[in-house]
Amino acid sequence: GGSIASVKGTQRVRFHSARSDQRLEESDGGLLVTRALGDTQMQKCGVIQKPSCEYIACSAREFVLCCTDGVWQQMSHEAVAELAHEAGPSRPGDAVLDIVEQAHDKWNQEADGQDTDDISAVLVWI
């Protein structure tokens, strides 16, 4: 089985050892919750692979921003949203490049240039 745990602000599915009640340590990773969508193999660990859908009314100047955990582990939601708003609906590509570049720079500072996580972003203005 498994459980949900927050790792550096990112929700992950943590696995329990089949031979003991000990959980894997933070450095052992885990399945990122958004990566679990559609993952039928993780059903045995308690992951619900079928996403729920909800329709909401959007007002002017709203956007959808999807980023990998490589962004969210290094930047706050507010900082990323500010970059999107600064670039505005006419320049989403500039916002995404700024987001990815800043996250990459922060990873390099934290890891002394040795390793970075996946860093991707998609921005759609509604």
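Whatever comes next refers back to the structure up there.
Residues numbered from 1 in each chain as written. Predicted model: local features only at pLDDT ≥ 70, side-chain atom pairs only at ≥ 80, totals over all residues. Heavy atoms only, no water.

## Digging into the overall build of the chain
- Within the chain, the regular secondary structure consists of three helices and five strands.
- Starting at the N terminus and ending at the C terminus, the chain contains elements arranged as β-β-β-β-α-α-α-β.
- Across the 126 residues of the chain, 29% fall into the buried class.
- For the chain, restricting intrachain contacts to residue pairs at least 6 apart in sequence, the fraction spanning at least 24 positions comes to 49%.
- Summed over its atoms, the accessible surface of the chain is roughly 8600 Å², and 51% of this surface lies on carbon and sulfur atoms. (Helix = DSSP H or I, 4+ residues; strand = E, 2+ residues; numbered from the N terminus. Buried < 20%, exposed > 50% of the residue type's maximum accessible area, 1.4 Å probe, protein only. Contact = heavy atoms within 4.5 Å. Areas by Shrake-Rupley, 256 points an atom, 1.4 Å probe, with all protein chains shown as cover.)

## Some thoughts on the pairing of strand E5 (residues 121-125)
- Taking every second residue as pointing to the same face, the buried face of E5 carries Ala121, Leu123 and Trp125, while none of Val122 and Val124 on the other face is buried.
- Where strand E4 (residues 63-67) lies against E5, five bridges are found, and the strand directions are antiparallel. Across the sheet, residue Cys66 finds its bridge partner in E5, namely Val122. (Pairing = 2+ DSSP bridges.)

## A word on the environment of Ala84
- Position of Ala84 relative to the elements: it lies in helix H2 (residues 77-87).
- A relative accessible area of 0% places Ala84 in the buried class.
- Measuring from C-alpha to C-alpha, the distance between Ala84 and Val124 comes to 9.8 Å, with 40 residues separating the pair along the chain.

## Some thoughts on the state of the cysteines
- In the structure shown here, the tally under the stated rule is zero disulfides.
- The cysteine Cys66 is free of any disulfide, with Cys67 supplying the nearest cysteine sulfur at 7.4 Å. (Disulfide = S-S within 2.5 Å.)

## A few points about the packing of aromatic side chains
- Overall, the coordinates contain one aromatic pair when judged by the stated rule.
- An angle of 55 degrees between the planes, with centres 4.9 Å apart, marks the rings of Phe63 and Trp125 as tilted. Here the residue Phe63 occupies a position in strand E4, and Trp125 occupies one in strand E5, the gap between them amounting to 62 residues. (Phe/Tyr/Trp six-rings, centres within 6.5 Å; stacked < 30°, edge-to-face > 60°.)

## Some remarks on the side chain of Thr68
- Take Thr68: it is sitting in the loop between E4 and helix H1 (69-72).
- A polar side-chain atom of Thr68 sits 2.9 Å from the main-chain amide nitrogen of Ser120.
- Apart from the residues lying within four places of it in its own chain, the contact partners of Thr68 are Asp118, Ile119 and Ser120. (Polar contact = N/O pair within 3.5 Å; in protein donor to acceptor, adjacent residues only side chain to side chain.)

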